[in-house]
Amino acid sequence: MLDKHAAARQYLEKCLEDKARWRQRQAKLTLAEKILIMDKLKEASALFAPLRAHHKKAMDQT
Amino acid sequence: MSLSKALCVIQELQKRGILPRYAITGAIAALAYIEPTLTNDIDVLVEVSAFDSMASGLLLSTRLDAALADLGYCERVDVGILVEGWPIQFIPVSNELDEASLDSAVLKKIDPNMDVGVFVMRAEDIIAKALSIGREKDYARIEAFLTQNALDISLLRDRLVEQNLIGAWSVFCAKTGMKDFLGLD
């Protein structure tokens, strides 16, 4: 049981480290890099558009 | 799809004298200060003289549309004309806050290696605008500016006082449970 707790704690600490690293990286993003991310976000959103429409239709029918 | 190219087109419209004064607003303007957030279009605040006024009071974007067509962009979608995959929505100045925001707009270089820059609203004006609209997504944007420390507090305080947005700020604080660190309440 102790091992499981230690493993979970280690995993959580790694997640927090990753998050901190990601935050630090984002702080250094240039406007040009952020503009490229916006294109990717929009492309990803378009990919999920059919799924959103399907979900909305299902919700409307309930 | 290229936001960078779409912003270059906005710069080109200004070079051609079609956009005398403008400021990019909304999520694309926020990009200059905070982390990227999803948006589907580019909102551009434009002074009224860029539009053709009808006797009824209706404003038509005839000249803007013609200039975009001249650059090869003719496809209209629900919110505006599609430019490099991004719909551009031209919004006429409609109140004093918009006017002040245009006056305070700042030139931001898209890429340090390119000679491309566009005017974007000041961070404090994006927040003031979001407060005045007051939808959930506007509040989320304000919180992003606050948590990422991407604003000048004294400039924001001055703008909110000047534009009578103290009440809107109080509502925002009450709804989000945020302490009124501006001391306006």
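Structural notes, computed from the coordinates. The numbers attached to residues start from 1 for each chain and follow its sequence in the written order. Both sets of labels track the order of writing: A upward for chains, 1 upward for ligands. Selection of residues for local features in this predicted model requires a pLDDT of at least 70, selection of side-chain atom pairs for listing and counting requires 80 or more, and totals for whole chains, interfaces and linings are taken over all residues. Heavy atoms throughout the structure, all of them, feed into the side-chain values; hydrogens and water do not.

Observations concerning the packing of aromatic side chains
And then number 1: Between 30 and 60 degrees the pair is tilted, below 30 it is stacked and above 60 it is edge-to-face, where a pair is any two Phe, Tyr or Trp rings, Trp via its six-membered ring, whose centres lie within 6.5 Å. As enumerated under the stated definition, the model contains five aromatic pairs over all chains in all.
And then number 2: Note on Y22 of chain B and F119 of chain B: the rings are 5.8 Å apart at their centroids and 85 degrees apart in plane angle, and the pair reads as edge-to-face. Placement of Y22 of chain B in strand β1 (residues 22-25) and of F119 of chain B in strand β8 (residues 117-120) is noted, with a sequence separation of 97 residues between them.
And then number 3: For the pair W169 of chain B and F181 of chain B, a centre-to-centre distance of 5.6 Å together with 90 degrees between the ring planes defines the contact as edge-to-face. Placement of W169 of chain B in helix α8 (residues 166-176) and of F181 of chain B in the segment after α8 is noted, with a sequence separation of twelve residues between them.
And then number 4: What makes F181 of chain B partly exposed here is its relative accessible area of 32%.
And then number 5: Chaining the aromatic ring pairs together yields one cluster made of Y139, W169, F172 and F181 of chain B.
And then number 6: In this structure, K42 of chain A is placed above the aromatic ring of W86 of chain B, and the distance from its NZ or CZ to the ring centre is 5.0 Å. Strands are runs of DSSP state E lasting at least 2 residues, helices are runs of H or I lasting at least 4, and numbering of each runs from the N terminus. Only protein chains enter the calculation, and the probe is 1.4 Å; a residue is then buried if its accessible area is under 20% of its type maximum, exposed if over 50%, and partly exposed in between. Charges are assigned to positions over rings by a cutoff of 6 Å between ring centre and Lys NZ or Arg CZ, combined with an angular limit of 35 degrees from the ring normal.

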